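Examining the three-dimensional arrangement
So you can see what is in the structure, the chains are spelled out below.
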Amino acid sequence: MATIRIFRHYIPTAFLYLAVLEGVFFFLAFEWAVAIRFWESDPATVASVQPVWPKAIVFSLTLVLSMAGMGLYERRTRDGFEGLLLRAMASFALSLVPLAVIFYLAPELFLGRGALAIAYSISLLGLVLTRGLFLRLGDQPMLKRRVLVLGTGRKAALITRYRRSSDMRELHLVGFARMGDAEEQVDPERILEIDSPLAEYVTDHDIDEIVVAVDDRRRGLPVDEILDCKMSGVDVVDLLSFFERELGKIKLDVLDPSWMFLSDGFRGGAVRAYLKRLFDLTLALVLLPLLLPFMLVVAIAVFVEGGFRGPILYRQVRVGENGRPFRIVKFRSMRTDAEKDGAQWASRNDARVTRVGGIIRKVRLDELPQIFNVLRGNMSFVGPRPERPEFVEQLAEKILYYNERHRVKPGLTGWAQVCYQYGSSEEDAFEKLQYDLYYVKNYSLLLDLMILVQTVEVVLMGKGAH
């Protein structure tokens, strides 16, 4: 299986096909549920529930989006069949919330609890079948893209670190080919002895893609043979583009500076900025009335725990778009003297976090006031998480390209947040920057929507909360 690129974001075709297949099955499940529920009903009753297809579409889309929100269409998910089943049941329960809102706003789409229960039951049965088939067929060699890596040195060895089945599910690494006299850092058993011309070997072994991963391209790279493969229809990619596609990040430890300005992406412009701002304002105005009751409950809890005194909100300077500082607003989740010794990273089981703070941080309720930062325009719903100036200065000195993450507005959530754990060290900041640069390079409204949907899993599963 390959990946396709939609608005510069790579999407595995296997999961895209799976989402379409399950969406169609959920649509049919709803139709079958109506037929079963009203099997012996009189014609007038049957006519009253027609047409069924708009309701089936709403049901199907809601289920697929809920499943996406629970990580069921992500290749990073490493759950077995039992774990996937638990996630599926959780996503079905989650889908009841948006369906209830839709039925309230559009009562004509509501069919009845009996038919809905039957539709859910059939859908769950179909999901068990499709997922079982997907897990069984997903590891079949015939469905995987056969990849040959040119190089056996440091860069090539990086690929072997990401060979868990969930990291590169659609690939089969045929092996590594020696290029020149570079030092070998790949397992000798995986190094291929290629005695024939490269194009001939590629044809004989059904190679679909070649990854150029040599440490020094000026030494021993068979340009003519690689060109012959390329002209014969074999995909040829460099190591950085390979990692960008497969891992959704820009690998800084192999980054060639010229790649940054020669590759596609990193596009801005007034139209993109306007559309993103319009998206943020629309979503903020829709969500604000729904979030206000939760914000009121959290505010009361923080105020009561503070002995009916002390601040409820916490304001802190962060670095925003183009390096401009702004004040972020959050519910206070730490003691008022949390930084009496100066700025410091939050840590797991941080003793400075209050009891209420531990709860609201776990489910990200402390972040809710940042919707007002979005309305003011110094934040977006999606973007790199804003850091404090003290940390930015420190990290920019040690991590190359760190300030490039400030090319876009910071966000309430981001690509790094859904792909990586909570960052509380320089090493974590380095890892998260690779995802942030991917977002800056490949930003689109589609990617924003995907990140917002996947954030549901981060919140409900408490991923990375400190």
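Preceding this paragraph is the structure being described.
Residues numbered from 1 in each chain as written. Predicted model: local features only at pLDDT ≥ 70, side-chain atom pairs only at ≥ 80, totals over all residues. Heavy atoms only, no water.

**Thoughts on the overall build of the chain**
The line we're drawing: By definition, any uninterrupted DSSP run of H or I lasting at least four residues is a helix, any uninterrupted run of E lasting at least two residues is a strand, and each is numbered from the N terminus. Burial status follows relative accessibility: with a 1.4 Å probe on protein chains alone, a residue under 20% of its type maximum counts as buried, one over 50% as exposed, and anything between as partly exposed. Contacts: residue pairs with any heavy atoms within 4.5 Å of one another. Accessible areas in this description were obtained via Shrake-Rupley with a 1.4 Å probe; residue shielding takes into account the shown protein chains only. The sign given to each residue is positive for Lys and Arg and negative for Asp and Glu; His and the chain ends receive no count. Charged groups are reduced to one reference atom each: NZ for lysine, CZ for arginine, CG for aspartic acid, CD for glutamic acid.
A count of helical and extended segments in the chain gives 17 helices and eleven strands. By principal-axis analysis of the C-alpha atoms, the chain measures approximately 75 × 70 × 40 Å. Evaluated residue by residue, the chain yields a buried proportion of 48% over its 466 residues. The long-range fraction of contacts in the chain, counting pairs at least 24 apart against all pairs at least 6 apart in sequence, stands at 75%. With an accessible surface of roughly 23500 Å², the chain has 61% of that area assigned to carbon and sulfur atoms. Once the 58 positive and 56 negative side-chain charges of the chain are each reduced to a mean point, those two points are 9 Å apart.

**Here we look at the sheet that holds strand β7 (residues 235–238)**
Counted only if it meets this: When DSSP finds at least two bridges between two strands, those strands are taken to pair. Axis definition: a line fit to C-alpha positions, over the contact stretch in the case of helices; interaxial angles, taken between N-to-C directions, run 0 to 180 degrees.
Judged by pairing direction, the sheet is parallel, and its five strands sit side by side in the order β5-β4-β3-β6-β7 without closing on themselves. Every other strand in the sheet has two partners, leaving β5 (191–192) and β7 as the edge strands with one partner each. Relative to strand β6 (residues 209–212), strand β3 (residues 145–150) runs parallel, the two being bridged by four bridges. Across the sheet, residue Val 149 finds its bridge partner in β6, namely Val 211. Seen against the sheet, helix α9 (residues 239–247) touches β3, β4 (171–177), β6 and β7 and runs at an angle of roughly 95° to β7.

**Concerning unusual backbone geometry**
Located in the positive-phi region is Asp 206, a residue other than glycine, with phi close to 55°. Tracing the chain through its elements places Asp 206 in the loop between α7 (198–204) and β6. Residue Asp 206 is classed as exposed on the basis of its relative accessible area, which comes to 53%. Located in the positive-phi region is Arg 364, a residue other than glycine, with phi close to 65°. Relative to the assigned elements, Arg 364 resides in the loop between α12 (355–362) and α13 (370–376).

**Things to note about a nonpolar patch on the surface**
Rules: Exposure above 30% relative accessible area and the absence of a salt bridge qualify a residue for a patch, where like charges join within 9 Å and nonpolar side chains (Val, Leu, Ile, Met, Phe, Trp, Tyr) within 5 Å. One speaks of a salt bridge when a side-chain nitrogen belonging to Lys or Arg is within 4 Å of a carboxyl oxygen belonging to Asp or Glu.
A surface patch of nonpolar side chains, amounting to about 440 Å² of accessible area, comprises Val 20, Val 24, Leu 28, Trp 32 and Ile 36. Within the secondary structure, Leu 28 is located in helix α1 (residues 13–37).

**Concerning the nonpolar core**
A general tendency of soluble globular proteins is for nonpolar side chains to be buried together. Formally: Definition used in this section: a nonpolar core is a set of buried Ala, Val, Leu, Ile, Met, Phe, Trp, Tyr and Cys residues joined via side-chain atoms within 4.5 Å.
Core analysis: the largest hydrophobic core is formed by 56 residues, its most contacted members being Val 149, Ile 159, Val 211, Leu 239, Phe 242, Trp 415 and Tyr 439. In terms of residue count, helix α16 (residues 426–442) provides more of this core than any other element does, seven residues in total. The contact partners of Ile 159, leaving out residues within four places of it in the chain, are Val 149, Leu 173, Val 211, Leu 239, Phe 242 and Phe 243. Counting residues in hydrophobic clusters, the runner-up holds 34 residues, among them Leu 63, Tyr 73, Ala 106 and Leu 116.

**Examining the side chain of Asp 436**
Positionally, Asp 436 belongs in helix α16. With sequence-adjacent residues up to four places away left out, Asp 436 is seen in contact with Pro 384, Arg 405 and Ala 416.

**Digging into the packing of helix α3 (residues 53–69) against helix α4 (residues 81–105)**
A pair of packed helices can be characterised by two numbers: the angle between their axes and the separation between those axes. Note the threshold: Put simply, angles under 35 degrees are roughly parallel, angles over 145 are roughly antiparallel, angles from 65 to 115 are roughly perpendicular, and the rest are oblique. Left-handed describes a crossing in which the near helix is turned anticlockwise from the far one by less than a right angle; the clockwise case is right-handed. Residue polarity follows a fixed list, in which Ala, Val, Leu, Ile, Met, Phe, Trp, Tyr, Cys and Pro are nonpolar, Asp, Glu, Lys and Arg are charged, and the others, Gly among them, are polar.
Axis separation between α3 and α4 bottoms out at 9 Å; the angle between their running directions is 135°. Judged by the angle between their axes, α3 and α4 are oblique. Helix-helix and strand crossings are classified by hand; for α3 and α4 the assignment is right-handed. Counted together, Val 58, Phe 59, Thr 62, Leu 63, Ser 66 and Met 67 of α3 and Ser 91, Phe 92, Leu 94, Ser 95, Pro 98, Leu 99 and Ile 102 of α4 form the full contact between these two elements. Here the contact of α3 with α4 is built from residues that sort into nine nonpolar, four polar and no charged.

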